[in-house]
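In case you want the letters, here they are:
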Amino acid sequence: MKVKQTIEYQRALVYCRVSTTKQVIDGDGLSSQEHRCLQKAEELNLEVAKIFRDPAVSGGLFTRPAMTKLLEFLDDRPNEKFVIIFDDLKRFARDVQVHLLLKTELVQKRKVRLECLNFKFEESPTGRFIEFVMAAGAQLEREQNAEQVKNRMKARLEAGYWTFCPPPGLKFEKDPLRGKVLVPNEPLASIYKEAIEGYRDYQLNTLDAVRKFILNKYSVHGINRPLSLNGAKNILSNSLYCGRISFPDWNISEFQGQHQGFISYETYLAVQDKLASKAKPRLRKDYSPDFPLRGYVLCHECKEPMTSFWGKGNGGKYGYYKCKNESCVRKNKCIAKVKIEGDFEELLSNVKPKKELLDFASKILIDLWKERSDSQQEVREGLDKQISKLDLKNSSLMDRVSQTSDHTLINVYERALAKNAELIEDLEKEKAKIKYPQNGFQTALGVVTEYVGTPIKQWQSQDYRRQRLLLQMYFEDRIVYEPGLGLQTIQLPLILEITSKIPLNKAKMVEMPGVKPGSKTCSLFNYSQD
Ligand SMILES: [Zn+2]
């Protein structure tokens, strides 16, 4: 559980703004806005410390004089936390840049709470959508970085050098020419060698025998280290121990690496044969959390979240969701996981965020990108300046060298030249590092908007974190599932729209008591598969 820090707010600031002179004159201007804001402060039981007024100013948040003053006011009082009351945040929020600035400058940096008369910023689906897009953008960026790192690592792997953590029994040693190379790490290497060769020679015949042998050796050497059966198997099947490298995840199949290892390739092969000939116990592993909808799908009787479990039957394992509410008539009644999740997937494949929101999303991303690309441009320009300064110095040094015949002086100049050349080289390297992939951005943007724009893809990523993020964003009001009828009373959030019609034979409109057919509360997605 996250511990929420509670902040005491005692005073409020009121910020009013009207965008046209007409509004100022017409009276939907400052005074009435101000009045409404003051009322709000009273409602919240807050003393108003100051009112900031920006009449008839347009443009970004920080070109507004009163907003600047407001920020200064806050900065002068770092120990007091204020609530800022806006009349109409929507007017601000339309501007992406302003949205970001508001959030970072006011909320994040200055821990202000925003109160708005007509717009719930944080809790609106739009607000959440924006958060989500930002998260998606950040994630994409991380992935892109990871991709670069991966490419470098992959290149080194392909050259025969292990680039991950060395396994026990091996360690990295720095070689002046080849960089970090794996070498045996004693005493583990010798222990493992003996165990592996013992297994090869039928002195140790089971994984447990190997495990016990190694543990025994550990204690002889005073090594306090656990070892599982699986760990013993890993030791027997690690090709790094015979100097070979492979990494199937990156399509690198086994080949002779640049390091030696401590067992022979023949031994390794013999051991693999022996391992493979044994009947393998079937491993049942559930890699991803099994019930992504848990907590979001409600029992249709009691509207409590259902729990979930794996059941056995018919020689297989079947997932179920069930009501666990003691006082519910459907207590312990189960609904198959495949049914609920299948219906949910079908729902998702028929919706997408509204176009205006996607446009909004790409605006945010372009904005973020531009901001960063600009700041990188600055860094680059700074480096360029330093380089040209050094260039200039060097050419004057060259002149001096050519004008003197004093060897001592020439030596001094030449040393200075060499040093400058080194500096320039370093700066160039630095410059190369910050090159922002200009052309990569459009692709990146495409990926994010496509991803964000296709909820079903987010869902099918099978990434639990992404799935939950999606649920948080679109289905915070939860989903009700009624057996036989399917997903019930889904009120699609306003930010989603339906992209295609559900095939008629599956669609079954359900009349809810007290709800007119065809109204919004009547689900578009009630269908049964009977
Ligand atoms: Zn129930």
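Structure: see above.
Heads up: these notes are all about the structure in this document. (Residues numbered from 1 in each chain as written. Predicted model: local features only at pLDDT ≥ 70, side-chain atom pairs only at ≥ 80, totals over all residues. Heavy atoms only, no water.)

Before going further, it helps to spend a moment on the side chain of Arg110. Assignment of secondary structure puts Arg110 in the loop between helix H5 (96-109) and strand S4 (113-116). On the accessibility criterion, Arg110 (17% relative accessible area) is buried. Polar side-chain contacts of Arg110 include one of 2.6 Å to the side chain of Asp75. If near-sequence neighbours (up to four positions away) are discounted, Arg110 is found in contact with Leu71, Leu74, Asp75, Lys81 and Glu105. (Helix = DSSP H or I, 4+ residues; strand = E, 2+ residues; numbered from the N terminus. Buried < 20%, exposed > 50% of the residue type's maximum accessible area, 1.4 Å probe, protein only. Polar contact = N/O pair within 3.5 Å; in protein donor to acceptor, adjacent residues only side chain to side chain. Contact = heavy atoms within 4.5 Å.)

Once that is clear, we can look at a negative patch on the surface. A grouping of Asp391, Glu422, Glu425, Asp426 and Glu428 is seen on the molecular surface, where their side chains present a negatively charged patch. Counting residues per element, the negative patch draws most heavily on helix H13 (residues 407-434), which supplies four residues. Structurally, Asp426 is set in helix H13. (Patch = residues over 30% accessible without salt bridge, like charges linked within 9 Å, V, L, I, M, F, W, Y side chains within 5 Å. Areas by Shrake-Rupley, 256 points an atom, 1.4 Å probe, with all protein chains shown as cover. Salt bridge = Lys/Arg side-chain N within 4 Å of Asp/Glu carboxyl O. Lys, Arg positive; Asp, Glu negative; His and termini not counted. Charge placed at Lys NZ, Arg CZ, Asp CG, Glu CD.)

All told, the structure shown has 14 aromatic pairs when counted by the stated rule. Their ring planes at 70° and their centres at 4.9 Å tell us that Phe247 and Trp250 sit as a pair that is edge-to-face. The pair formed by Phe247 and Trp250 is uniform in burial state, with each residue classed as buried. Taking the centre distance of 6.4 Å and the plane angle of 15° together, the rings of Tyr265 and Tyr268 count as stacked. Highlighted residues: Tyr265 and Tyr268, both in helix H10 (residues 265-277), separated by three residues, approximately one helical turn. For Tyr268, a relative accessible area of 8% puts it in the buried group. The structure contains a cluster of three or more aromatic residues connected by ring pairs, namely Trp162, Phe164, Phe247 and Trp250. (Phe/Tyr/Trp six-rings, centres within 6.5 Å; stacked < 30°, edge-to-face > 60°.)

So, on to the sheet that holds strand S10 (residues 307-313). Reading across the sheet, the three strands line up as S10-S11-S12 and stay open at both edges, with antiparallel pairing between neighbours. The open sheet is flanked by S10 and strand S12 (334-336), the only strands paired with a single partner. Ignoring which end each strand starts from, the neighbouring axes of this sheet average 45° apart. Bridge analysis of strand S11 (residues 316-322) against S12 gives three bridges, and the strand direction is antiparallel. Paired with Tyr321 across the two strands is Ile335, which belongs to S12. Sheet strands touched by helix H11 (residues 337-348): S10, S11 and S12. Its angle to S12, the strand with the most contacts, is close to 60°. (Pairing = 2+ DSSP bridges. Axes fitted to C-alpha atoms, helices over the stretch in contact; angles between N-to-C directions.)

On to a positive patch on the surface, then. A contiguous patch of positive charge, built from Lys385, Lys389, Lys393 and Lys419, is present on the exposed surface. Per element, the largest residue contribution to the positive patch is three residues, and it comes from helix H12 (residues 355-403). Counting through the fold element by element, Lys393 comes out in helix H12.

To continue, consider the nonpolar core. Core analysis: the largest hydrophobic core is formed by 31 residues, its most contacted members being Tyr192, Ile196, Val210, Ile214, Tyr241 and Phe262. Secondary structure elements with two or more residues in this core: helix H7 (188-200), helix H8 (207-220), helix H9 (229-237), strand S7 (244-247) and H10. Broken down by element, the residue count for this core peaks at seven residues, all from H7. Excluding anything up to four places from it in sequence, Ile214 contacts Ile191, Tyr192, Ala195, Leu227 and Ile235. Within the second largest apolar cluster, 24 residues are counted, among which are Ile340, Phe344, Leu347 and Ile456. (Core = buried A, V, L, I, M, F, W, Y, C linked by side-chain atoms within 4.5 Å.)

Quick look at the pattern of salt bridges now. In the structure shown here, the tally under the stated rule is 15 salt bridges. Notably, a salt bridge pairs Glu80 with Arg11, separated by 2.7 Å at the nearest N-O pair. Linking Glu80 in the loop between helix H3 (65-76) and strand S3 (82-86) with Arg11 in strand S1 (residues 11-18), this pair joins segments that are 69 residues apart in sequence. With relative accessibility at 25%, the residue Glu80 sits in the partly exposed group. According to the relative accessible area criterion, Arg11 is partly exposed, its value standing at 22%.

Scope: geometric values only; no functional claims are made or implied.
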